[in-house]
Protein chains: 2
Amino acid sequence: MAKEPLLLTRYIRDIPDWPKKGILFRDITPLLADPQAFPAAVEALCAPFQKAGVQYVAGVEARGFIFGAAVAARLQAGFVPIRKKGKLPWQTESASYDLEYGTDSIEIHRDAVPRGAKVLLVDDLLATGGTMQAACRLMEKVDAEVVGIACVIELTDLKGRARLAPHKIHVLISY
Amino acid sequence: MAKEPLLLTRYIRDIPDWPKKGILFRDITPLLADPQAFPAAVEALCAPFQKAGVQYVAGVEARGFIFGAAVAARLQAGFVPIRKKGKLPWQTESASYDLEYGTDSIEIHRDAVPRGAKVLLVDDLLATGGTMQAACRLMEKVDAEVVGIACVIELTDLKGRARLAPHKIHVLISY
């Protein structure tokens with residue numbers, strides 16, 4: 001595509017004190033909105049998995065739907081939405097994860113993928129890894145094989161990567 | 001692609017009494033999960049807009065992110081997330097729409113697109129058209145031009161199409 005690789009970090013906007021004081025939020029909307037950067041990021045997320053036989057790409061509501069769906073279409077794979085509790089209309093499996101105070105849970109349709117399906121998990125952000133770990137448990141519950149985890153941004157200080165071992169993790173930008 | 005066009009309706013699952021008694025919910029997750037049907041639906045959503053000069057595709061949280069992002073990547077356009085109130089981290093414009101009881105609102109970043117940008121609005125479902133009408137108002141607020149509206153499913157009884165005139169509306173499946 002472009003002769004020099006795009007510096008994707010240029011399309012991330014830092015927002016201090018959001019969603020609350022002391023947090024520096026990495027806003028991906030300028031990256032999404034850029035007609036060169038968005039397809040380039042989708043392509044880069046796919047790159048290590050082009051020959052991995054990915055049959056399904058799963059993304060977690062809501063921002064995970066954006067890159068997940070685009071990656072699925074690019075890999076000619078199906079897309080599986082993992083949703084917040086109570087949003088999916090059919091029978092579900094559920095997995096909980098810790099919040100700062102309390103827990104929440106995410107769900108997948110029981111028939112989302114056939115047994116043994118090769119699934120790539122996609123999200124915009126890898127922080128503590130709690131949500132992604134719950135997503136991996138959902139994949140176990142439906143007997144799918146996680147072939148990898150692809151995220152746009154990793155916040156390395158939060159050590160999410162360690163929680164997700166031994167899965168193959170691919171990120172585009174590390175802070 | 002396939003020699004005979006895929007019958008996309010075969011991938012829609014009817015769920016009676018969801019989210020509440022008396023509603024027949026059209027579940028798109030089997031369509032999303034199918035490695036032939038999902039890319040075919042994305043392709044079909046794009047088809048009338050291939051030469052429309054679409055610069056941005058906007059989708060409404062959360063299911064609108066799925067098809068919106070895949071269509072954006074396919075059209076080599078940027079993707080603009082329209083989110084529920086309070087979810088976007090920067091300065092926003094807001095538009096409200098009616099619920100059965102009360103109102104809710106959706107938001108867009110003020111700098112989401114440049115003035116005069118050509119935007120395609122994408123969602124999974126066109127029902128009463130209330131949310132999509134609010135999305136059109138958001139586009140007016142940021143001085144964008146809506147080149148069309150593309151939805152996977154239209155529930156024709158609910159007459160959403162009439163509310164969205166004179167915009168060009170493209171749907172794949174009508175009930």
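Relevant structure appears above.
Computed from a predicted structure; not experimentally measured. (Residues numbered from 1 in each chain as written. Chains lettered and ligands numbered in written order. Predicted model: local features only at pLDDT ≥ 70, side-chain atom pairs only at ≥ 80, totals over all residues. Heavy atoms only, no water.)

How should I be thinking about the sheet that holds strand β5 (residues 92–98) of chain B in this particular structure?
Adjacent strands of a sheet form backbone hydrogen bonds with each other and so pair up, either parallel or antiparallel. All names here are of chain B. With mixed pairing, the seven strands of this open sheet are ordered in space as β5-β6-β4-β3-β7-β8-β9. A strand with exactly one partner marks an edge of an open sheet, and here the two such strands are β5 and β9 (169–174). This sheet shows a mean twist of 20 degrees between the axes of neighbouring strands, independent of strand direction. For strand β4 (residues 78–84) and strand β6 (residues 103–109), the ladder comprises two bridges, and the chain directions are antiparallel. Within the sheet, the bridge partner assigned to Arg83 lies in β6 and is Glu107. On top of the sheet, helix α3 (residues 63–74) reaches β3 (56–60), β4, β7 (118–126) and β8 (145–154); it is set at about 135 degrees to β7, its chief contact. (Pairing = 2+ DSSP bridges. Helix = DSSP H or I, 4+ residues; strand = E, 2+ residues; numbered from the N terminus. Axes fitted to C-alpha atoms, helices over the stretch in contact; angles between N-to-C directions. Contact = heavy atoms within 4.5 Å.)

Can you help me understand the interface of chain B and chain A in this one?
For an interface, size is often stated in terms of accessible area lost upon the parts coming together. Counting from both sides, the interface comprises 37 residues of chain B and, opposite them, 38 residues of chain A. Summing the contributions of chain B and of chain A, the shared interface buries around 2900 Å²; its carbon and sulfur component is 66%. In terms of surface lost to chain A, no three residues of chain B exceed Arg13, Trp18 and Pro89 of chain B, which account for 17% of the buried area on that side. Between Asp111 of chain A and Arg13 of chain B there is a salt bridge whose closest N-O contact spans 2.7 Å. One can count 10 residue pairs in polar contact (both at pLDDT 80 or more) joining chain B with chain A. When residues of the side of chain B that touches chain A are traced back to their parent elements, those giving at least two are β1 (13–16), β2 (24–27), α1 (29–33), α2 (37–46), α3 and β4 of chain B. Counting residues per element, the side of chain B that touches chain A draws most heavily on α3 of chain B, which supplies seven residues. (Buried area = accessible area lost by both parts, 1.4 Å probe. Salt bridge = Lys/Arg side-chain N within 4 Å of Asp/Glu carboxyl O. Polar contact = N/O pair within 3.5 Å; in protein donor to acceptor, adjacent residues only side chain to side chain.)

Sorry if this is basic, but what is going on with the environment of Pro166 of chain B here?
Residue and element names in this part refer to chain B. Among the structural elements, Pro166 can be located in the loop between α5 (160–163) and β9. Pro166 gets classed as exposed once you look at its relative accessible area, which sits at 81%. Each C-alpha atom, one on Pro166 and one on Gly148, is 9.6 Å from the other, the two residues being 18 residues apart in sequence. (Buried < 20%, exposed > 50% of the residue type's maximum accessible area, 1.4 Å probe, protein only.)

Hey, could you run me through the pattern of salt bridges in this one?
Close approach of charged atoms allows side chains with opposite charge to pair. This model, assessed by the stated rule, comprises 24 salt bridges over all chains. Asp27 of chain A is the partner of Arg13 of chain A in a salt bridge, and the nearest nitrogen-oxygen pair spans 3.0 Å. With Arg13 of chain A in strand β1 (residues 13–16) and Asp27 of chain A in strand β2 (residues 24–27), this pair connects stretches of sequence that are 14 residues apart. Both residues of the pair, Arg13 of chain A and Asp27 of chain A, belong to the buried class. Of the charged contacts in the structure, one is a salt bridge between Glu145 of chain B and Lys118 of chain B, with a shortest N-O distance of 3.4 Å. On the criterion of sequence distance, the pair formed by Glu145 of chain B in strand β8 and Lys118 of chain B in strand β7 is long-range, its members being 27 residues apart. Overall, the relative accessible area of 37% leaves Glu145 of chain B in the partly exposed class. Among the charged side chains, a salt-bridge network with shared partners connects Arg13 and Asp27 of chain A together with Asp111 of chain B.

Teacher, can you tell me more about the relation of the copies chain B and chain A here?
Related by rotation about an axis and a shift along that axis, the two copies of the chain form a pair. Mapping chain B onto chain A leaves a residual RMSD of 0.0 Å; the transformation is a rotation of 180 degrees accompanied by 0.0 Å of translation along its axis. Look at the turn and shift together and you get a two-fold axis relating the two. Within chain B, Ala70 of chain B has its C-alpha nearest the rotation axis, a separation of 2.1 Å. In this assembly the copies share their binding face: 100% of the residues contributing to the interface of chain B also contribute to that of chain A. (Least-squares fit on C-alpha atoms with pLDDT ≥ 70 in both.)

Could you clarify how one ought to interpret the nonpolar core in this entry?
Across soluble globular proteins, nonpolar side chains show a tendency to be buried alongside one another. Core analysis: the largest hydrophobic core is formed by 68 residues, its most contacted members being Phe38, Phe67 and Leu120 of chain A together with Phe38, Phe67 and Leu120 of chain B. With nine residues, the single largest contributor to this core is helix α3 (residues 63–75) of chain A. For Leu120 of chain A, the residues in contact, after removing those within four places along its chain, are Phe49, Val54, Tyr56, Val57, Ala58, Val71, Leu75, Val147, Gly148, Ile149 and Ala150 of chain A. (Core = buried A, V, L, I, M, F, W, Y, C linked by side-chain atoms within 4.5 Å.)

Looking at this structure, I do not really get the sheet that holds strand β9 (residues 169–174) of chain A. What am I missing?
All names here are of chain A. Taken in spatial order, the seven strands of this open sheet run β5-β6-β4-β3-β7-β8-β9, and their pairing is mixed. Every interior strand has two partners, whereas the edge strands, β5 (92–98) and β9, have only one. Adjacent strand axes in the sheet meet at a mean angle of 20 degrees, parallel and antiparallel pairs treated alike. Of the strands in this sheet, β3 (56–60), β4 (78–84), β7 (118–126) and β8 (145–154) are in contact with α3, which crosses β7 at around 140 degrees.

Got a minute to help me understand the packing of aromatic side chains in this structure?
When we look at a pair of aromatic rings, we describe it by the centre distance and by the angle of the planes. Evaluation of the coordinates by the stated rule reveals six aromatic pairs over all chains. Seen from their ring centres, Trp18 of chain B and Phe25 of chain B are 5.0 Å apart, and the 75 degrees between their planes marks the pair as edge-to-face. With centroids separated by 5.9 Å and ring planes inclined at 85 degrees, the aromatic side chains of Phe65 of chain B and Phe79 of chain B adopt a geometry described as edge-to-face. On the criterion of sequence distance, the pair formed by Phe65 of chain B in helix α3 and Phe79 of chain B in strand β4 is long-range, its members being 14 residues apart. A relative accessible area of 0% means that Phe79 of chain B is categorised as buried. Positioned above the aromatic ring of Trp90 of chain A, the side-chain terminus of Arg13 of chain B is 4.3 Å from the ring centre. (Phe/Tyr/Trp six-rings, centres within 6.5 Å; stacked < 30°, edge-to-face > 60°. Lys NZ or Arg CZ within 6 Å of the ring centre and 35° of its normal.)

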